[in-house]
Amino acid sequence: MNTQAIKVIYKYEMLRAWKTLFQSLASPVISTSLYFIVFGSAIGSRIEQIEGVSYGLFIVPGLTMLSILTQSVANASFGIFFPKFTGSIYEVLSAPVSSFEILVGYVGAATSKSLIIGCIILLTASFFVDLKIMHPFWAAAFLILTCISFSLFGFIIGLWASNFEKLQIIPLLVITPLVFLGGSFYSVQMLPPFWQSVSLLNPVLYLVSGFRWSFFEVSDVSVGISLFMIVVFLLVCLVIVGWIFKTGYRLKQ
Amino acid sequence: MHTIVSIKNLSKTYESGHEALKQVDLDIAEGEILALLGPNGAGKTTLISIICGIVSPTVGQVRVAGFDIINDYRQSRELIGLVPQELTLGAFETVWNTINFSRGLFGRKKDPQYLKQLLKDLSLWDKKYNELRTLSGGMKRRVLIAKALSHEPRILFLDEPTAGVDVELRKDMWAIVRRLQASGVTIILTTHYIEEAEEVADRVGVIAGGRLLLVEDKQALMQKLGKKQLLIELKEPVSALPESLSGYQLELSTGGQQLIYTYNTQGDGTGITALLQAINAAGLMLKDLRTSQSSLEDIFVNLLKEENHS
C-alpha cells in the first residue's frame, strides 16, 4: 500500500479548499442563512407545523443534504477533472499507485470537505432554530454515507466529463431537481398521491427522509429503507468506479 | 552491459484502428543514453507512454529491471521518471508543493534537502513559492524535469525535451543529463532533432511508422551509413569531366569549379590516392581540398527513404 501517495493526494485536494477558505466557508454559511431567512422566517412563519415540527426546524436536514450533495459532487468531480483537463493526470497514471489508492485520496478529500461543510451548516442553523438531534449516531451515519456516496458519484462524473460543460450538466440538470423534489423543503405526504408515488423513484428522498428521522423521528419512508437505499447507491457507485479503473475508461488509451 | 529495460514484440493499436507500434523489440542498457529518433507520429511517445503505464499495450511485454510493467507495476514504476512532451502542469499550486506531491506520489518519504538541491540545479530555487501558472514556458519545462526527478528515478524518459526550449535551458538540460548518467541513471530521450541525438546519445534508435528501423551505437551508425565526400576545388573551371576520370564516382558542380567525390569510409580502400593521381594525370590544377561527413540527418533521411521504398 502506497500510503504516502494517498496522503499527498488527500493533502493536495484539501489544500485546494484551504486556499479558497473564505469561499469554501462563506458560501455554505451565507446560502444557509438566506434559506432560513426566506423559508424559515418569512414564509415559514405562515406555515403550520409539519408532523409536530415547526417549519424552520423541519427544513434543517433537507437544507444540509442539499448543500452536501452539491458540494460532494462539485468537489470530487472537479478534483479529478482538472488534472485530466490540464494533462497533469499523467503523473498519477505513471506513479506506483493502485486505483484504490487514487480513489481513497480523491474521494476521501471530497468526503472530508463535504462533512466539514455539513457541520458548518448545522452550526449555522443552530443560530436560527433550536436544533436538537434525537439520534446523533444515525445522523452522523447518514451524513457520512451520503458524503462518501455522492463524492464517489462526483468522481465518476469527473472521470466521464470530457469538457467543462459536461462537468456542470449532471449537477445542474440531475442533482438540483432531485434534491428540490426529494422533500428537502416539504414532506412528501403534502403532495397529491400520484406525485407521492413518483417521488418514491427519487433516491434523494430516501437520504433526506432518513436524515430527518434521525433529527425528529419524522420520516416519509421507513429508516430501514432509507439506509438500504443509500447503501445500494454507494455500492452501485463503487461498481462503476471499479469498472472505470479496470477498463481505463477515459483514463487510459 | 546489463539490460534495464527489455521490450519484446510490443504492438499498440489504438481504438481508432491506428497502429502506433508494430512489433517493437528493444533492449536498453543500464546507464546509457538512448535517443529515439523519428518524425512526428512515428510512435515515440506511444512507446514511452506504454513503458510508463499511461497507455496499455495491445500485444507484447515490457520489463523494467526484471519487473513486468503490468503485473509488477509498483516496482517498475518506482524506477522511472517521465518528463512529458506537453507542458502538462496544474495551475494554482506552487513549485515547491508540486514537486513534494510528485515525490509522495511515488511513495518516497519527504526529503527537503534533496528537493532543495534539485531546484537549485534547475535554477528554480528562487521560484519555489511561485504558482505554476505564473511561470514561463521554459520554467515550466524545468518544473516538469524537477517533478520527474523528485523521486530519484533510475531511469529517466525525456519526451521531446527541447521542444520550445531556449539555448540556455538546452545547455542546462544536457549538463543535467550527463550528470545523471554519471550517477548511473539510464536516459531515454525522443527527438526529431538529429543534432540532439548526435550531441548526447550513446545509441540511436530510428523509429518511423511504428517500426523500430534500427538501433545502433551512434558512432557505428555514423560509420556504417556515413558516406564521406571529398570536395576538390579546381583552379580553372572545366566544362566536362575528362575522359580519364569517368571511372570514378565524381560529380561536377558550381559551374565546373568543383569536383565532388563520394566514398565509403568502411570500404577496403577509399580510392583517394588513385583519384588524385588520375586528376594530376588529367592535367587539372587543384586549388583546395575538403572533406565532409554525412550527418545523422542525412543518414536518417536515407533510412526513411529506404523504408518508404520497401
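Residues numbered from 1 in each chain as written. Chains lettered and ligands numbered in written order. Predicted model: local features only at pLDDT ≥ 70, side-chain atom pairs only at ≥ 80, totals over all residues. Heavy atoms only, no water.

## So, the overall build of chain B
Just so we agree on the cut-off: Working definition: helices are DSSP H or I runs of at least four residues, strands are E runs of at least two. Numbering for both runs from the N terminus. The globule rule used for comparison is 2.2 Å times the number of residues to the exponent 0.38, while the radius of gyration itself is calculated over C-alpha atoms. To sort residues, take the accessible area from a 1.4 Å probe on protein chains only and compare it with the maximum for the residue type: under 20% means buried, over 50% means exposed, and anything in between is partly exposed. Only heavy atoms enter the contact rule, under which two residues are in contact if any of them lie within 4.5 Å. Accessibility throughout is a Shrake-Rupley quantity obtained with a 1.4 Å probe, and a residue counts as covered only by protein chains that appear here. Charged residues are defined narrowly, with Lys and Arg counted positive, Asp and Glu counted negative, and His plus the chain ends left uncounted. The atoms used to mark charge sites are NZ of Lys, CZ of Arg, CG of Asp and CD of Glu.
Across its full length, chain B carries 10 helices and 14 strands. In terms of overall dimensions, chain B is more spread out than a globule: its C-alpha atoms have a radius of gyration of 25 Å, far above the 19 Å expected for 310 residues. Projected onto the principal axes, the alpha-carbon positions of chain B cover approximately 80 × 45 × 35 Å. Counting the 310 residues in chain B, one finds 49% classified as buried. Within chain B, contacts between residues at least 6 apart in sequence are counted, and of these 69% link residues at least 24 apart. Within the structure as shown, chain B displays about 14600 Å² of accessible surface, and the carbon and sulfur contribution to it stands at 47%. A distance of 7 Å separates the average location of the 35 positive side-chain charges in chain B from that of its 38 negative side-chain charges.

## Some remarks on the overall build of chain A
Across its full length, chain A holds 10 helices and 0 strands. Mapped in sequence order, the helices and strands of chain A form the string α-α-α-α-α-α-α-α-α-α. On C-alpha atoms alone, chain A measures out to a radius of gyration of 19 Å, which is about the 18 Å that the 2.2 N^0.38 rule sets for 253 residues. Put simply, chain A has 253 residues, and 53% of those count as buried. Within chain A, contacts between residues at least 6 apart in sequence are counted, and of these 80% link residues at least 24 apart. Carbon and sulfur atoms provide 73% of the accessible area of chain A, an area that totals close to 11500 Å². When the 13 basic and 9 acidic side-chain charges of chain A are each reduced to a single mean position, those positions are 13 Å apart.

## Things to note about the interface of chain A and chain B
Stated precisely, the cut-off is as follows: The quantity reported as buried area is the accessible area (1.4 Å probe) lost by two parts once they are put together, taken as the sum for both. The term salt bridge refers to a pairing of a side-chain nitrogen on Lys or Arg with a carboxyl oxygen on Asp or Glu at a separation within 4 Å. In protein, a polar contact requires one atom able to donate a hydrogen and another able to accept it; more generally it is a pair of N or O atoms within 3.5 Å, and residues adjacent in sequence count only if both atoms are side-chain atoms. Each residue is assigned to one class: nonpolar for Ala, Val, Leu, Ile, Met, Phe, Trp, Tyr, Cys and Pro, charged for Asp, Glu, Lys and Arg, and polar for all the others, Gly among them.
Every contact between the two is made by 26 residues of chain A and, on the other side, 33 residues of chain B. Together, the buried faces of chain A and chain B total about 2500 Å²; carbon and sulfur atoms form 57% of this surface. Taken together, the connections running from chain A to chain B amount to 2 salt bridges. With its nearest N and O atoms 2.9 Å apart, the salt bridge here joins Glu91 of chain A to Lys147 of chain B. At the boundary of chain A and chain B, one finds 10 residue pairs in polar contact (both at pLDDT 80 or more). Within the residue set of the side of chain A that touches chain B, elements represented by two or more residues are helix H1 (3-19), helix H3 (55-86) and helix H4 (89-94) of chain A. Broken down by element, the side of chain A that touches chain B gets its largest block of residues, 8 residues, from H1 of chain A. Residues of the side of chain A that touches chain B, tallied by class, amount to 13 nonpolar, 8 polar and 5 charged.

## A closer look at the packing of aromatic side chains
Defined as follows: Any pair of Phe, Tyr and Trp rings, taking the six-membered ring for Trp, is counted once the centres come within 6.5 Å. Such a pair is stacked with planes under 30 degrees apart, edge-to-face with planes over 60 apart, and tilted for the rest.
For the structure shown, the criterion picks out 21 aromatic pairs over all chains. Ring geometry for Phe36 of chain A versus Phe128 of chain A: centroids 5.2 Å apart, planes at 10°, classification stacked. Of this pair, Phe36 of chain A sits in helix H2 (residues 21-43) while Phe128 of chain A sits in helix H5 (residues 99-128), and the two are 92 residues apart along the sequence. With a centroid separation of 5.9 Å and an interplanar angle of 80°, the aromatic rings of Trp96 of chain B and Trp125 of chain B are classed as edge-to-face. Taken together, the residues Trp96 of chain B in helix H3 (residues 95-105) and Trp125 of chain B in the loop between helix H4 (112-121) and helix H5 (137-149) connect sequence positions 29 residues apart. The class of Trp96 of chain B is buried, set by a relative accessible area of 18%.

## A word on the domain arrangement of chain B
Stated precisely, the cut-off is as follows: Note that the domain bounds were set by an automatic or database domain assignment.
Examined at the domain level, chain B breaks down into domain 1 (3-223) and domain 2 (227-293). A separation of 46 Å is found between the C-alpha centroids of domain 1 of chain B and domain 2 of chain B.

## With respect to the sheet that holds strand E4 (residues 59-64) of chain B
All names here are of chain B. Note the threshold: Pairs of strands are assigned from DSSP output, requiring at least two bridges between the strands. With axes taken as lines fitted to C-alpha atoms, and helix axes fitted only over the stretch in contact, angles between N-to-C directions fall between 0 and 180 degrees.
Ordered in space as E2-E1-E4-E5, the 4 strands form an open sheet in which the pairing is antiparallel. Strands with a single pairing partner mark the edges of an open sheet, and in this sheet they are strand E2 (19-29) and strand E5 (67-68). Where strand E1 (residues 3-13) lies against E2, 7 bridges are found, and the strand directions are antiparallel. Along E2, the bridge assignment pairs Lys12 with Leu21. Along the sheet, helix H1 (residues 44-52) contacts E1, E2 and E4; its crossing angle with E1, the most-contacted strand, is approximately 115°.

## Section: the sheet that holds strand E3 (residues 33-37) of chain B
Residues and elements named next belong to chain B. An order of E6-E7-E8-E3-E9-E10 is seen for the 6 strands of this open sheet, with the pairing classed as mixed. Bordering the open sheet on either side are strand E6 (80-83) and strand E10 (211-217), each of which pairs with just one other strand. Direction aside, neighbouring strands of the sheet carry axes that sit 15° apart on average. Across 6 bridges, the pairing between strand E9 (residues 203-208) and E10 is antiparallel. From the neighbouring strand, Gly205 faces E10, where its bridge partner is Val215. Running over the sheet, H5 touches E6 and strand E7 (155-159) and is turned about 170° from E6.

## Let's talk about the pattern of salt bridges
In this structure the tally under the stated criterion is 11 salt bridges over all chains. Linked through salt bridges whose partners overlap, the residues forming this network are Arg103, Arg108 and Glu152 of chain B.

## Re the pairing of E1 of chain B
Residue and element names in this part refer to chain B. Between the end of E1 and the start of E2, which pair antiparallel, lie 5 residues, with Gly17 showing a positive phi angle near 95°. Bridge count between E1 and E4: 5 bridges; the pairing is antiparallel. Paired with Lys8 across the bridge in E4 is Gln61.

## Some thoughts on unusual backbone geometry
Residues and elements named next belong to chain B. Phi is positive for Ala65, close to 50°, though the residue is something other than glycine. With respect to the helices and strands, Ala65 occurs in the loop between E4 and E5. Given the relative accessible area of 33%, Ala65 is considered partly exposed. One non-glycine residue, Glu160, lies in the positive phi region at around 50°. With respect to the secondary-structure elements, Glu160 resides in the loop between E7 and helix H6 (167-182). Assessed through its relative accessible area of 4%, Glu160 is described here as buried.

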